[in-house]
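Next come the chains, spelled out residue by residue.
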Amino acid sequence: MISQTIRKLPFTNTARRLATLSANAHSPRVLVTGSLGQLGSTMVEALRLKFGRDNVIGSDIKKPTIVQRNAGPFVYADVLNYRSLEQIVVDHGIEWIVHFSAVLSAAGERNPALGLNVNINGFQNVLELAKNHRLRLLSPSTMGAFGPTTPKDSTPDLTIMRPNTIYGISKIHMELLGEYYTEKYGVDFRSLRYPGIISADTLPGGGTTDYAIDIFHGALKQNSYSCFLSASTRLPMAYIDDCIEGTMQLLEAPEHSLSQRVYNVHACDFTPEELANEIRCQHSKTFAMEYQPDFRQAIADTWPRTMADDAARRDWGWSPIFGISEMTRVMFEKLRPVYKDVLFAHPSSKEPNLSSESASTAAAAALAH
């Protein structure tokens, strides 16, 4: 069964490294908002490996799968409802919050009102909770907090920041307000600006950097891909193992080690054409790529090509290990078993394939379990 295959795959290198760490004398009680998303679900698993199953409370407004429900505590949580969130904090003795609930870049441009409401008012609620209940709060930011006038190469932590997307505007608001609450009220606020995150654990959701996930599904389904960014669009990226380990490092870092509250993190960078060439090297020499840029191109054009992350490396040990070659290898290792029973994913196969639509449906079912 495909659903069984995906669950038998190794979780992440991060998980294996976390499992070898010595346990803390006191394990914090952690609430993760948006825990059913790409990052939230993986972060919950890493946190439970480190702090124990019952000390990490997943939450979302969506219904979890049976596997997710059985993995550990889960509660319904609407980040726009302060009283509901506060009851969770009190009832479960929460000490740390990892706030993943957000409307991302492309979705925010399609529905600005929703993006502003969730990203600004939802964050305000968890920030007030952190102030009122003395909680540690980690809320990720994004390279989208930079804008078209920001220096594009080796973009520093502190520079011109004039984003022109709802997502970017709401995230720079988050950064500034978090820093204000740290200075004014002593809130232990932490944030890191994520690059594009690549993972085989969930299907792409239509974000601006999601081509770098969807391209692997295209390679396995029909040995081709139509990219919504131009061939030369260079963006910072990170494989999810590096992302989760970095987030854990910042979350656990002693407060006195932090010289600032918001950090750039950069693992690697590449263009769609460079990724296509890597796929040709590792998967199929005949992999076909076409380019049909859409509205996401304008978003990507406002973002850095590379980010300087010296402070993260110095203050809390950010040290990514996945480059484009390693990431490509692991993506195919994880996704080939998902597709093996729904179509013949290797391009040399002479057997007929299922339709791309049928393959996508089957793969979605496998990744959901």
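Parameters and conventions
Residues numbered from 1 in each chain as written. Predicted model: local features only at pLDDT ≥ 70, side-chain atom pairs only at ≥ 80, totals over all residues. Heavy atoms only, no water. Helix = DSSP H or I, 4+ residues; strand = E, 2+ residues; numbered from the N terminus. Areas by Shrake-Rupley, 256 points an atom, 1.4 Å probe, with all protein chains shown as cover. Phe/Tyr/Trp six-rings, centres within 6.5 Å; stacked < 30°, edge-to-face > 60°. Buried < 20%, exposed > 50% of the residue type's maximum accessible area, 1.4 Å probe, protein only. Lys NZ or Arg CZ within 6 Å of the ring centre and 35° of its normal. Salt bridge = Lys/Arg side-chain N within 4 Å of Asp/Glu carboxyl O. Axes fitted to C-alpha atoms, helices over the stretch in contact; angles between N-to-C directions. Parallel < 35°, antiparallel > 145°, perpendicular 65-115°, else oblique. Left-handed = near helix turned anticlockwise from the far one by under 90°. Contact = heavy atoms within 4.5 Å. Pairing = 2+ DSSP bridges.

Trainee: I'm lost on the overall build of the chain in this one. Help?
Mentor: Looking only at helices and strands, one finds 15 helices and 13 strands in the chain. As displayed, the chain offers around 15,400 Å² of accessible surface, 53% of which is attributable to carbon and sulfur atoms.

Trainee: Would you mind showing me how to read the packing of aromatic side chains here?
Mentor: For any pair of aromatic rings, the description rests on two quantities: the centre-to-centre distance and the angle between the ring planes. Enumeration according to the criterion identifies 10 aromatic pairs in this entry. Centre to centre, the rings of Phe-123 and Phe-189 are 6.0 Å apart; their planes meet at 70°, and the pair counts as edge-to-face. Pair noted here: Phe-123 is in helix α7 (residues 112-133) and Phe-189 is in strand β7 (residues 188-194), with a separation of 66 residues, a long-range link. No difference in accessibility class separates Phe-123 from Phe-189, as the two residues are buried. Aromatic side chains Tyr-239 and Phe-322 sit 4.7 Å apart centroid to centroid with 45° between the ring planes, which places their arrangement in the tilted category. Here Tyr-239, found in strand β10 (residues 235-239), pairs with Phe-322, found in the loop between α13 (310-316) and α14 (324-339); they are 83 residues apart in sequence, far enough to count as distant. Accessibility expressed as a relative area gives 1% for Tyr-239, which makes it buried. Members of the aromatic cluster, joined through ring pairs, are Tyr-180, Tyr-181 and Tyr-185. For Lys-131, the ring lying beneath its charged end belongs to Tyr-185, and the centroid distance is 5.1 Å. Of note, Arg-296 hangs over the ring of Phe-228, and the distance from its end group to the ring centre comes to 3.5 Å.

Trainee: Explain the pattern of salt bridges here, please?
Mentor: Two side chains carrying opposite charge are able to pair once their charged atoms lie near each other. A complete count under the given rule lists 18 salt bridges for this structure. The closest approach of N and O atoms between Glu-175 and Arg-193, which form a salt bridge, is 2.9 Å. Of this pair, Glu-175 sits in helix α8 (residues 166-185) while Arg-193 is found in strand β7, placing the two residues 18 residues apart along the sequence. Using a relative accessible area of 3% as the deciding quantity, one classes Glu-175 as buried. Overall, Arg-193 belongs to the buried group, its relative accessible area being 3%. Asp-294 is paired through a salt bridge with Arg-296; the nearest N and O atoms lie 2.6 Å apart. Judged by relative accessible area, Asp-294 falls into the partly exposed class, the value being 28%. The class for Arg-296 is buried, based on a relative accessible area of 13%. Several salt bridges share partner residues, and in doing so they unite Arg-136, Asp-188, Arg-190, Glu-255 and Arg-261 into one network.

Trainee: What should I look at first to understand the packing of α7 against α8 in this one?
Mentor: A packed helix pair is summarised by two numbers, namely the angle formed by the two axes and the spacing between the axes. Following both chains from N to C, one finds α7 and α8 inclined at 15°, their axes separated by 10 Å at the closest point. Between α7 and α8, the angle falls in the class roughly parallel. Crossing of α7 against α8: the hand is right-handed. Across the interface between the two elements, Pro-112, Gly-115, Leu-116, Asn-119, Ile-120, Phe-123, Gln-124, Leu-127, Glu-128 and Lys-131 from α7 touch Ile-166, Tyr-167, Ser-170, His-173, Met-174, Leu-177, Gly-178, Tyr-181 and Tyr-185 from α8.

Trainee: I tried to follow the pairing of strand β4 (residues 96-99) on my own but got confused; where do I start?
Mentor: The side chains of a regular strand alternate between the sheet's two faces. On β4, burial covers both faces: Trp-96 and Val-98 on one face and Ile-97 and His-99 on the other are all buried. Two strands pair when backbone bridges link them, and strand β1 (residues 30-33) and β4 are joined in this way by 4 bridges, in the parallel orientation. Opposite Val-30, over in β4, you have Trp-96 as the bridge partner.

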